[in-house]
Amino acid sequence: MAGNVRMDEMGTRAMAMIADLARHTDEPGRLTRLYLSPAHAACADATAALMRDAGLTVSRDALGTIVGRREGPTPDAPTLLIGSHIDSVVNAGIYDGPLGVVCGILAADALRREDLPFALEILAFGDEENVRFPTSLASSSALAGDFRPEWLDGADADGVTLREALHAFGCDPAGIGAIARDPARTLGYLEVHIEQGPVLEAGDLAVGVVTAINGATRARCTVDGTAGHAGTVPMGMRRDALAATAEMIALVERAGTAARDAVATVGVCTVEPGALNVIPARTRFTLDIRAPDDAVRAALVDEIVSGCRAIAERRGVAFAEERFMDQAATAMDARLAAALETGAARAGEETIRLPSGAGHDAVAMARLCPSAMLFVRCEGGVSHNPAEKITAADAGAAVRTLVEAVRVLGEGVRG
Ligand code: GLV
Ligand code: MN
Ligand code: MN
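Not measured: the values here are computed from a predicted model.

Conventions used here
Residues numbered from 1 in each chain as written. Chains lettered and ligands numbered in written order. Predicted model: local features only at pLDDT ≥ 70, side-chain atom pairs only at ≥ 80, totals over all residues. Heavy atoms only, no water. Helix = DSSP H or I, 4+ residues; strand = E, 2+ residues; numbered from the N terminus. Rg over C-alpha atoms; globule rule 2.2 N^0.38 Å. Buried < 20%, exposed > 50% of the residue type's maximum accessible area, 1.4 Å probe, protein only. Areas by Shrake-Rupley, 256 points an atom, 1.4 Å probe, with all protein chains shown as cover. Near = heavy atom within 4 Å. Polar contact = N/O pair within 3.5 Å; in protein donor to acceptor, adjacent residues only side chain to side chain. Nonpolar A, V, L, I, M, F, W, Y, C, P; charged D, E, K, R; others polar. Donors = N, O, S within 2.8 Å, 3.2 Å for Na, K, Ca; no water. Core = buried A, V, L, I, M, F, W, Y, C linked by side-chain atoms within 4.5 Å. Contact = heavy atoms within 4.5 Å. Axes fitted to C-alpha atoms, helices over the stretch in contact; angles between N-to-C directions. Parallel < 35°, antiparallel > 145°, perpendicular 65-115°, else oblique. Phe/Tyr/Trp six-rings, centres within 6.5 Å; stacked < 30°, edge-to-face > 60°. Expected span 1.5 Å × (residues − 1).

### Structural notes on the overall build of the protein
Secondary structure assignment for the protein yields eleven helices and 16 strands. The C-alpha atoms of the protein give a radius of gyration of 23 Å, which matches the 22 Å a tight globule of 415 residues would have. For the C-alpha atoms alone, the extent of the protein along its principal axes is close to 75 × 45 × 40 Å. Burial status across the protein gives 55% buried among its 415 residues. As displayed, the protein has an accessible area near 16600 Å², and 53% of this comes from carbon and sulfur atoms.

The following block contains the structure:
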């Protein structure tokens, strides 16, 4: 990549870079790139190469985050962070995460020969989706000094712990404490991300500025019943874990629908032993419950968990719930959001303000420093789905907005 890529080529460049990163998958034929997997390693290497091409000095931290740095004018200059993630959900779209990383790299490249009064770092986090381990934004939380040591003992579906996976990836967990940044030396964090909803498309806008990110609770649940012969045990004498779980899932949907602006999802449900002629002995399922209002979310979580307990009691099965995320709603920083709005105006883009229903690394980063997000229109609001789609023109609008926002922040620092 040549320095100072022409601004009208930015969208095309972004799309080519995202397509390049999308080649790295753990499952042939579809995009699945879980944290610390071989595909994550390959994608991290490819991201590092793109960063080097943009003139950045690249390093990798103890949780696998790829960091591309441009030094500031003086050693004590603060750092402006720009980033997103390169892990994905199972059977993912290609833009969720990589769009933000690539926009950051292209912005750094565009600003390569310009003086800035701060250092610039582009970050490619690895554990945003939290699909593999029971963590919560582990890689970005570490920058905020919020990494929880007990996460290292959490295991994936194959029983591999995060500690073991880090070692296999070539990372030393002993270095995690040193990832934490000094808030006094961190100017802020900007993240570009696909909207993952329909609001920008409905408003005929390429980009929008995020006001706040909804709070979220996540848990893993287990229901234990008794295995038995599907042909011989009379219906009234069964302790069927899956039938009980079906009632619980119906409750999750009913309660989530009734709560104001909330959503509640069971995204995973596995059955043991999983045989046609055996009464299910055990299920494991996940809960993902979100709302803009923390009190509404807390009440909904209570209603669902106590309802599941009551169902279990009535049916004579055991219910256990392990909560691994309780994340309050996160307001974005007004000054950084205003810089994105001014940046969009300078880039010739009209914007609106909108909340985020999805979680993002910006939630963790907001605990470290002022943080703000720019959303990019996606077709039909579709995301966490291989049909996820954006246009090159909109990607270009996002890069140009980001470049201008960095300039606005530079003007602010110079005074
Ligand atoms: C992250 O994509 C989330 O689940 O909000
Ligand atoms: Mn996602
Ligand atoms: Mn994402």
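There's more to say after this.
### Focus: the site of ligand 1
Looking at ligand 1, the residues that line it are E128, E129, R218, R290, A358, G359 and H384. Taking E129, its side chain carries an N or O atom lying 2.9 Å from an oxygen atom of ligand 1. One of the side-chain nitrogen or oxygen atoms of R290 is found 2.6 Å away from an oxygen atom of ligand 1. Here ligand 1 has 190 Å² of accessible area as a free molecule, and 94% of this is covered by the chains. For the shell around ligand 1, the class distribution of residues is one nonpolar, two polar and four charged.

### Focus on the coordination of the manganese ion (ligand 2)
Donor atoms from the polypeptide that bind the manganese ion (ligand 2) are D96 (OD), E129 (OE), E129 (OE) and H384 (NE2), placed at 2.0 to 2.7 Å. Counting gaps between the donor residues of the manganese ion (ligand 2) yields the pattern D-x32-E-x254-H.

### Focus: the nonpolar core
In this structure, L99, I105, F118, L190, V192 and I390 are the most contacted members of the largest nonpolar core, which totals 61 residues. For this core, the leading source of residues is helix α11 (residues 392-414), giving ten residues. Sequence-distant contacts of V192, that is, excluding residues within four places in its chain, are made with G83, S84, L99, G100, C103, L374, V376, A398 and L402. Counting 39 residues, the second largest nonpolar core, distinct from the first, contains V67, L81, L143 and C369.

### Observations regarding the packing of helix α1 (residues 10-21) against α11
It is the contact of α1 with α11, at a shortest axis distance of 7 Å, that shows an interaxial angle of 105 degrees. As judged from the angle between their axes, α1 and α11 are roughly perpendicular. On α11, the residues that touch M10, G11, T12, A14 and M15 of α1 are A392, A395, G396 and V399. Looking at the contact of α1 with α11, its residues break down into six nonpolar, three polar and no charged.

### Describing the packing of aromatic side chains
As enumerated under the stated definition, the model contains four aromatic pairs in all. A centroid spacing of 6.4 Å and a plane angle of 55 degrees characterise the contact between F125 and Y189, whose relative ring orientation is tilted. Taken together, the residues span a long stretch of sequence, with F125 in strand β4 (residues 119-125) and Y189 in strand β5 (residues 186-194) at a distance of 64 residues. Judged by centre distance (5.2 Å) and plane angle (85 degrees), the rings of F147 and W151 are edge-to-face. Its relative accessible area of 14% is what places F147 among the buried residues.

### Quick word on α11
With 23 residues, α11 extends 33 Å from end C-alpha to end C-alpha; this agrees with the ideal 33 Å at 1.5 Å per step. Just downstream of α11 lies G415, where phi reads positive at about 85 degrees.

### So, unusual backbone geometry
For the peptide bond that leads from E272 to P273, omega is 0 degrees, which places it in the cis range. Note on placement: P273 falls in the loop between β10 (269-272) and β11 (278-279). Residues other than glycine seldom take positive phi values, yet N91 does so here, at roughly 55 degrees. Within the secondary structure, N91 sits in the loop between β3 (79-85) and α3 (98-110). Here N91 falls in the partly exposed class, since its relative accessible area comes to 25%. The phi dihedral of Q196 falls on the positive side, at around 65 degrees, and the residue is not glycine. Here Q196 shows up in the loop between β5 and α6 (199-202). The exposure class of Q196 is buried, given its relative accessible area of 18%.

By themselves, these figures tell us nothing about what the structure is for.
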